[in-house]
Each structure stands twice: as C-alpha cells, then as structure tokens.
Amino acid sequence: MTPHPPARRVLRVGLVWLAISAGASVRAETEADLDPLPTPSANCAALAATPWPRSAQAQAALLRLMEVAADACNNDAVFLAALGGAWLEVGDAKQALLRLERALLLDPELLSAQADHALALAALGEPAAREELVRAWQDRTDVPPVLWKRLNDPAPRLARGATQPGTGQADAPAAGWVQLREIQLLAGYEDNLAQSPRLSELTITPPDGPITLPLERPLEPRAGGAALLDMTWQGAISPSATRTYLVGVQASARHAPGDSDTDWHSVRLGLGAYQTTGEWRWQLQGRAQYAGGALTEDSRMWRLGLGAEGPAGDCSQRWYLETEDRRYREFPINDAQVAGVAASLLCAVPSLRTWTVGVSLAWGRDRARYEQRPGGDQKKSGVGVRALANLGRNGRSGNPWFLDAQWRYSHSEDEEGYSPLLENNVRRSIKNQQLLLELTGPWFELAADSAASVIQVLVSREKSNLAVFSFDAASIYGGLRYKW
C-alpha cells in the first residue's frame, strides 16, 4: 500500500525524530553505565609497584589509595603483599597481618609476603615465626639480601629511610601526593560499529490505520576494524591518616578507518574525597564529561555522588547515591536529570581461593527537562554480576593473568507514549544485556611490571517493543596497557 503525500511527509519527519531520539537513548544508556573515572582498583599492578614515599603525607595518600582499591585487587597477591608491607611501614601490624595472610593464601611462595608476615607477627609479640623463617631460609640462595637484613633487624624501616613496601628498595624523596598514569591502545573488530538496528521496513500507525513502508535506505549493522585509545592520570593526597582527596582525568576515543562516521571521543574529569570512620569508608565524588564525534551528538554530563563502603561478614558492601545532569548541544529536547541509588556486594569464593564474585543492583529515574521529549520521564533499573579471578602465572614472569568477567542487565521504560506513529503511541520499553570479558597479563618478560597484554570481548543485545531501538553487537579487541 502506497501512502498519500501527507503520510510520506509525516513518515520522513517521524524517522528523523526517531533517529535523533534513538541516538540519544543509546548514548544515555551507555553514559549511565560508564564510570567516568575508573577507581584505582583498575591499577592493582601499578599501585603495587609504586615506590614507598619519604614524607608521611605522601605515605598516607598512597596507603589510602591502595585501601580504596583493596576490594577489587583482592586476588592479586603482589598487591596485597605491598599493601601489607605499607601497613607495616606505618606501624599497624594488625592491618598488615590481615593483608599478608590473604597474599600468602594466594601465593605461598611470595618471599616479600613471607618476610613481612613474620615481622608482623613479631611486632604483635610472636617472634617464633620470624626465627623459624630465618632458620628455614639459611640454605636458600634466592632470598634477596634486603629481606635478610629486614628479618635480622626488624626495627621500623622508616627510621632508616623510606623503602618500597614488600621489596625494601630505596626511593628518592617524594612530594606530599602520589600519582598514577596509564595509557591503553587496543585494535580489534566490531560487527555493529553504530549500534544500528536491522530494518528494511517500518510500520507506522496514523489515525486512518497502520501503514507498512519499505525504507529507502534499509538500516543494517556495519562491521569493520577499529582502534581504541584510552589515557588516564590520577593523583591523590592525604592531609590525615583517615582522609584522602583524589583527582583524575581520562581521555578516550575510537576510530574506525573504514567507517569514520562512527568515530567517537570523550574527555572526563573527576574529583573525590574519601573519609574513613572505623571500618567504613565514605566517599564524595564529582564528575564531568564531554562526549562527541561523528557518531554521537555533542553532549555534556555532570554527576555528583555519595557512597559508603564497609564490611559485611566476610564480604564488602557498597552503597551509592547519585544525581546527574545531561545536556545535548544540537537537540536540547533530550536534556535530562537523573537520580539513582545502587548497592553492591563483593565476596571471596571459599572453595576457589583465587576468585572473587560480586552482585550489584541499581534503580533510577530519568526526568525530561522538556515536556516535548518523546516518552517523557523514564524509570530505570539494573542488575549486574561480576567475577574476578587470578589465573596464575605464565612462564618465568612473576605477574599472573587476571580475568574480569561482567554481566549486566538493564531495563528502562517510558512513562508516556513514545509517538502516535509507532505502535499506536505505546510506551517504549528497552531491555539491554551486556557480557564483558577482559583478560590481562604480562606483556613480555622485561616489561612485566609496567606493561600488560589486554584482550577484551563485549557482546551486547538490546531489545525493545519498538523495533528501531533494538540491536545486537559484538566486538573483540587486543593490545597493550602501560602504567607508570
């Protein structure tokens, strides 16, 4: 059936608005799931390798930065050994013992953890472990001299000068703050660069009855190679042993040589304040983001969040409140204000000592700034499952391979009908599932402490009662992550 001319004009206008709103919807969902500034948990190896500063202020900053990352680095024996050594440096043998015992559970042969564990016990009035370790190591030739010195002279190392936790290596004087830098370059393949639906025809529902029309340019996914670049800088300073301030900048971009009209880029800035009260750690975070490129409309986002982390039996729990303001340059009708709450639980697996699993729940409300926005306000909810695993060492390298597996499900539903031209003004509902697998490990022997191989696999499926909002996508990337 061929539509009359007015219907054609309505269809053209409707499709334009659909394209605009569809793009905004995809961007909004993506932005809501992205962490503008990854927490230091993504830098376990870099934190473990950070030299121990001289000044007390810088030592406190590094220690609090490591504690912020402790939950996510709970399967990294080298990190836990360094964290235990840091607590031993500042004179808290009880805290040191907790971290060192976990490190030895993961890697009983880690020499630095063995030495610091014995020293922590000695500081708590149990010198037998240190004496036994000295006897056991008498005939070993692989024990670094600095470890021998520490075991035979277990006085506080700070009195003799600063060292790096877990190694005893001296470091130059440091300022009152610490910093971490990271650059990641990946290359790979995506089967749907623009997150496009697959449509050859569209059914509209004007007042005089439904009309099915073939699209002059059918919508279908475009596949091709692409490159991802990500650069991050983070710094921290602690004015006291229980308070830490963080600042970070991250720039990301994707370029597809064969489909440059799907390129995107973003810049993010974050500020955070952490306060420890007893066993709980409170955090206040402010974030700003700019996103743009050929694929996405220029947008700006501001977030403010308040969180709390603490123990939950043998697990750790986190609660978070967040408010967000989003603005779009070309189509401000899509501007929105979002408020939400989230909770998560992270636990070590008793039967699998190198595995940690977590679950998270989230709920939010997306309020349209303008009544004209298609669909009006939105209700959002989500659930996620995450597994972190230490897969062991590869070859002679001392660095293990790590697996980070995440599955996310989110659901958003409009509170008003989306458009009279689509399914008789039905309220739009979108269900999205994502599976992300990331494998990181040593790059090569000589650069094992600073560089890592990265393999990422992402599978996404978005389904909606309005076909124009449905798509499937999969990608695989591999490359290098360098930290210093």
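See the structure printed just above.
Residues numbered from 1 in each chain as written. Predicted model: local features only at pLDDT ≥ 70, side-chain atom pairs only at ≥ 80, totals over all residues. Heavy atoms only, no water.

A. Looking closely at the overall build of the chain. Summing up its helical and strand segments, the chain has eight helices and 16 strands in all. Just so you have it, the chain exposes about 23300 Å², and 59% of that area is on carbon and sulfur atoms. (Helix = DSSP H or I, 4+ residues; strand = E, 2+ residues; numbered from the N terminus. Areas by Shrake-Rupley, 256 points an atom, 1.4 Å probe, with all protein chains shown as cover.)

B. Focus on the pattern of salt bridges. Scanning the entire structure with this criterion turns up 23 salt bridges. Close ionic contact of Arg326 with Asp366 constitutes a salt bridge, the shortest N to O distance being 2.8 Å. Linking Arg326 in strand S9 (residues 315-328) with Asp366 in strand S11 (residues 352-368), this pair joins segments that are 40 residues apart in sequence. Arg386 serves as the salt-bridge partner of Asp404, at 2.6 Å between the closest nitrogen and oxygen. Of this pair, Asp404 sits in strand S13 (residues 400-417) while Arg386 sits in strand S12 (residues 378-393); the two residues are 18 residues apart in sequence, bridging distant segments of the chain. Take Asp404: its relative accessible area is 12%, and that puts it in the buried class. Ionic contacts of the salt-bridge type, sharing partners, join the residues Arg303, Glu322, Glu324, Arg326, Asp366 and Arg373 into one network. (Salt bridge = Lys/Arg side-chain N within 4 Å of Asp/Glu carboxyl O. Buried < 20%, exposed > 50% of the residue type's maximum accessible area, 1.4 Å probe, protein only.)

C. Representation of the packing of aromatic side chains within the structure. For the coordinates displayed, the defined rule picks out two aromatic pairs. Each ring, one from Tyr418 and one from Phe469, has its centre 5.3 Å from the other, and the planes form 80°; the classification is edge-to-face. Of this pair, Tyr418 sits in the loop between S13 and strand S14 (427-442) while Phe469 sits in the loop between strand S15 (451-464) and strand S16 (471-483), placing them 51 residues apart in sequence. Residue class for Phe469 comes out buried when judged on its relative accessible area of 3%. (Phe/Tyr/Trp six-rings, centres within 6.5 Å; stacked < 30°, edge-to-face > 60°.)

D. Geometry of the state of the cysteines. By the definition in use, this model includes one disulfide. Residue pairing for Cys315: its cysteine sulfur links by disulfide to Cys347, the two sulfurs lying 1.9 Å apart. On the sign convention where negative is left-handed, the bridge of Cys315 and Cys347, at about 110° about the S-S bond, is right-handed. Of the two residues, Cys315 is situated in strand S9 and Cys347 in strand S10 (residues 336-349); the sequence distance between them amounts to 32 residues. Residue class for Cys347 comes out buried when judged on its relative accessible area of 16%. (Disulfide = S-S within 2.5 Å.)

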